[in-house]
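# Structure at a glance
For reference, the chains in residue letters:
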Amino acid sequence: MHLTETCDPQSPNLITHVVTTDASVQDGTMLKAIHTGLAGRGRLPALHLVDAGYIDARNVLAARRELGVELLGPVRPDTNRSAQKFGTDAFTIDWDRQTVRCPDGRTSVVWRNKLHDRHDGHRGRDPVIFVRFAARHCGPCPLRDRCTISQSGRTLMLRPSREEHELLQQARMLNQTEEWRRRYNPRAGIEGTISQGVRAFGLRRCRYRGYSKTSLQHLFTASAMNLTRLDAWIGGVSPAGTRISRFEALRPAA
Ligand code: SF4
């Protein structure tokens, strides 16, 4: 179940869209359906806070270009980086010449478009640019320990376009800033929505068999939750804050 809700501080958090899928569907592939549904009702947000499963360079660009929606969420770590390895940001990419220069000043010898297995645990393949450096350069390189253990030379997987690559690099940097955290913070409310749905409305169980009836159950549940929230808002009841453990409560205030 994919839920979208408002998170303006001056109004109650109301669920604006519900879509039901089977569990094997990757979150990011549902984004277009969610945005189309929201646009159809005139509820498309200017800023859409999502979790990491929905964030992908293609989704961010498509939302911005086609709908004028800013998609904000955590970007997955650079898959070219590991504890010892230089990440992509240590390399200089020349997109026009289709070459990459490494931290030791060597130029790549392979630049090839290919399909690569997804690295997020879901089935399917993503288009990438495969880059490789020559074994004759990497073998005697003084930086080899910090770069690669491959006998055939360091490899990199880049996004298929410069625009997607640069967007991800910039987003990873922004993810580390206080300003980004401040903007993203209101998304935490959706966890409370899911918790409320599960605890108070039995959302964990399907009451009926089949996709259509399950989808209908989800719509009714979301409607009931909205009515409950409106009632609380009109009655002046504030939403509950984020719960913390008793142990964490002992921590002195900063
Ligand atoms: S190991 Fe290869 S790619 Fe890495 S810095 Fe050395 S020459 Fe460059």
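What you see is a predicted model, and the numbers here were worked out from it, not measured in a lab.

## Focus on the overall build of the chain
Scanning the chain from N- to C-terminus turns up eight helices and nine strands. Relative to its length of 254 residues, the chain is extended, with a C-alpha radius of gyration of 23 Å against a globular reference of 18 Å. Taken over the C-alpha atoms alone, the chain extends approximately 70 × 50 × 35 Å along its principal axes. Summarising the internal contacts of the chain: among those between residues at least 6 apart in sequence, 54% fall at separations of at least 24. Mean positive and mean negative side-chain charge positions of the chain (39 and 25 charges, respectively) differ by 5 Å.

## Some remarks on the site of the ligand
By nearness alone, every residue bordering the ligand is listed as Cys102, Asp104, Arg106, Phe133, His137, Cys138, Cys141, Arg144, Cys147 and Arg154. Taken together, the residues that form the shell around the ligand break down as five nonpolar, one polar and four charged.

## Describing the packing of aromatic side chains
The geometry of two aromatic rings is summed up by the distance between their centres and the angle between their planes. Per the counting criterion, the structure on display carries three aromatic pairs. Taken together, a centroid distance of 5.6 Å and an interplanar angle of 40 degrees make the contact between phenylalanine 91 and phenylalanine 133 tilted. Within this pair, whereas phenylalanine 91 is found in the loop between strand E4 (70–72) and strand E5 (92–94), its partner phenylalanine 133 is found in the loop between strand E8 (125–132) and helix H3 (135–138), the two being separated by 42 residues in sequence. Grouping residues by exposure puts phenylalanine 91 and phenylalanine 133 together as buried. Pairing tryptophan 95 with tryptophan 111 gives two aromatic rings, centres 5.6 Å apart and planes at 90 degrees, and the pair type is edge-to-face. On the criterion of sequence distance, the pair formed by tryptophan 95 in the loop between E5 and strand E6 (99–101) and tryptophan 111 in strand E7 (residues 110–117) is long-range, its members being 16 residues apart. Taken as a pair, tryptophan 95 and tryptophan 111 share a single burial class, namely buried.

## With respect to the domain arrangement of the chain
What the domain assignment reports for the chain is domain 1 (2–74 + 176–248) and domain 2 (88–161). Distance from the C-alpha centre of domain 1 to the C-alpha centre of domain 2: 37 Å.

## Concerning the sheet that holds strand E9 (residues 155–158)
Working definition: the strands of a sheet are paired by backbone hydrogen bonds and lie parallel or antiparallel to each other. Taking strand neighbours across the sheet as the criterion, the three strands line up as E7-E8-E9 in an open arrangement whose pairing is antiparallel. Both outer strands of the open sheet, E7 and E9, are each paired with one neighbouring strand and no more. Strand after strand, the sheet turns through a mean of 35 degrees between neighbouring axes, direction not considered.

## Topic: the pairing of E9
Going residue by residue along E9, you find Leu156 and Leu158 tucked away on one face and Thr155 and Met157 left uncovered on the opposite face. When E8 meets E9, the two strands line up antiparallel, connected through four bridges. What sits directly across from isoleucine 129, in E9, is leucine 158.

## Some words on the side chain of histidine 35
Tracing the sequence through the fold places histidine 35 in helix H1 (residues 31–40). Note on histidine 35: relative accessible area 4%, which makes it buried. Side-chain polar atoms of histidine 35 contact the side chain of histidine 48, separated by 2.8 Å. Residues contacting histidine 35, with those up to four places away along its chain left out, are Leu44, His48, Ala63, Leu67, Val69 and Leu71.

## Thoughts on the pattern of salt bridges
Counted under the stated rule, the structure contains 13 salt bridges. The salt bridge involving glutamate 164 is made with arginine 159; its shortest N-O contact spans 3.0 Å. A salt bridge links glutamate 179 to arginine 182, with the nearest nitrogen and oxygen atoms 2.8 Å apart. Residue glutamate 179 and its partner arginine 182 are located together in helix H5 (residues 178–184), separated by three residues, close to a single helical turn. By relative accessible area, which is 44% here, glutamate 179 ends up partly exposed. Several salt bridges converge on common partners, so that one network encompasses Asp56, Arg58 and Asp126.

## Concerning helix H4 (residues 162–174)
When the terminal C-alpha atoms of H4 are compared, their 18 Å separation across 13 residues agrees well with the 18 Å that a helix rising 1.5 Å per residue should span. Buried within H4 are the following residues: Glu164, His165, Leu167, Leu168 and Ala171. The arc enclosing the buried residues of H4, seen along the axis, measures out at 165 degrees, which places them on a common side. Against the buried residues of H4 lie helix H2 (57–67), E5 and E9.

Criteria and thresholds
- Residues numbered from 1 in each chain as written.
- Predicted model: local features only at pLDDT ≥ 70, side-chain atom pairs only at ≥ 80, totals over all residues.
- Heavy atoms only, no water.
- Helix = DSSP H or I, 4+ residues; strand = E, 2+ residues; numbered from the N terminus.
- Rg over C-alpha atoms; globule rule 2.2 N^0.38 Å.
- Contact = heavy atoms within 4.5 Å.
- Lys, Arg positive; Asp, Glu negative; His and termini not counted.
- Charge placed at Lys NZ, Arg CZ, Asp CG, Glu CD.
- Near = heavy atom within 4 Å.
- Nonpolar A, V, L, I, M, F, W, Y, C, P; charged D, E, K, R; others polar.
- Phe/Tyr/Trp six-rings, centres within 6.5 Å; stacked < 30°, edge-to-face > 60°.
- Buried < 20%, exposed > 50% of the residue type's maximum accessible area, 1.4 Å probe, protein only.
- Domains from an automatic or database assignment.
- Pairing = 2+ DSSP bridges.
- Axes fitted to C-alpha atoms, helices over the stretch in contact; angles between N-to-C directions.
- Polar contact = N/O pair within 3.5 Å; in protein donor to acceptor, adjacent residues only side chain to side chain.
- Salt bridge = Lys/Arg side-chain N within 4 Å of Asp/Glu carboxyl O.
- Expected span 1.5 Å × (residues − 1).
- Arc of directions from axis to C-beta.

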